[in-house]
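# Architecture and fold: a report
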Amino acid sequence: LKINRLRKEKQYILLADSQKMSEEIVKRVPNLFYWSSAKIHLGDLKISEERRKAVKNTMTDFFIMRDCDEIYSLFDSGFSKVASLLYDKPYNIM
């Protein structure tokens, strides 16, 4: 991962659906904040209480991106790219 491109004087929020990967990245980047919560791909909407919570968490991530200065993605993610396009945020693939 090219996390060394992140500037030390800025604060970052990590939004990811892989808790294991996120915990490893957070160990290496002190100015990175991570909210550990269940996420779900929005195309998978079989109704259950657990899935409703996961959809809420996923949409919370989407609205966090709305309020950021720019978006960095580890790969070309459709989820973060849509937030970038809708809210006119710079989109950077790492």
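Definitions and cut-offs
Each chain carries its own residue numbering, running from 1 in the direction its sequence is written. Where totals are concerned, whole chains, interfaces and linings use all residues; where local detail is concerned, this predicted model gives features only for residues with pLDDT of at least 70, and gives and counts side-chain atom pairs only at 80 or more. No hydrogens and no water enter the side-chain calculation; it runs on all heavy atoms of the structure. Only the stretch in contact is used when fitting a helix axis, every axis being a line fitted to C-alpha atoms; angles between N-to-C directions are given from 0 to 180 degrees. Strands are runs of DSSP state E lasting at least 2 residues, helices are runs of H or I lasting at least 4, and numbering of each runs from the N terminus. Throughout, the term roughly parallel applies to angles under 35 degrees, roughly antiparallel to angles over 145, roughly perpendicular to angles from 65 to 115, and oblique to all others. Less than a right angle of anticlockwise turn of the near helix away from the far helix marks a crossing as left-handed, whereas a clockwise turn marks it as right-handed. Contact between two residues is taken to exist if any of their heavy atoms lie within 4.5 Å; hydrogens are not considered. Throughout this entry, Asp, Glu, Lys and Arg are counted as charged residues, while Ala, Val, Leu, Ile, Met, Phe, Trp, Tyr, Cys and Pro are counted as nonpolar. The remaining residues, Gly among them, count as polar. Each residue's exposure class comes from its accessible area (1.4 Å probe, protein chains only) as a fraction of the maximum for that residue type: buried when under 20%, exposed when over 50%, partly exposed otherwise.

What follows concerns the packing of helix α2 (residues 49-66) against helix α3 (residues 78-87). Remark: α2 packs on α3, axes separated minimally by 9 Å, with the N-to-C direction vectors making an angle of 40 degrees. Put simply, α2 runs oblique to α3. Seen from above, α2 lies across α3 with right-handed handedness. Contacts from Thr 58, Asp 61, Phe 62, Phe 63, Met 65 and Arg 66 of α2 reach α3 at Phe 79, Ser 80, Val 82, Ala 83, Leu 86 and Tyr 87. Of the residues contributing to the contact of α2 with α3, the split by class is eight nonpolar, two polar and two charged.

Bringing the environment of Leu 85 into the picture now. Looking at the secondary structure, you find Leu 85 in helix α3. Overall, the relative accessible area of 66% leaves Leu 85 in the exposed class. Between the alpha carbons of Leu 85 and Ile 40 there is a distance of 21 Å; along the sequence they are 45 residues apart.

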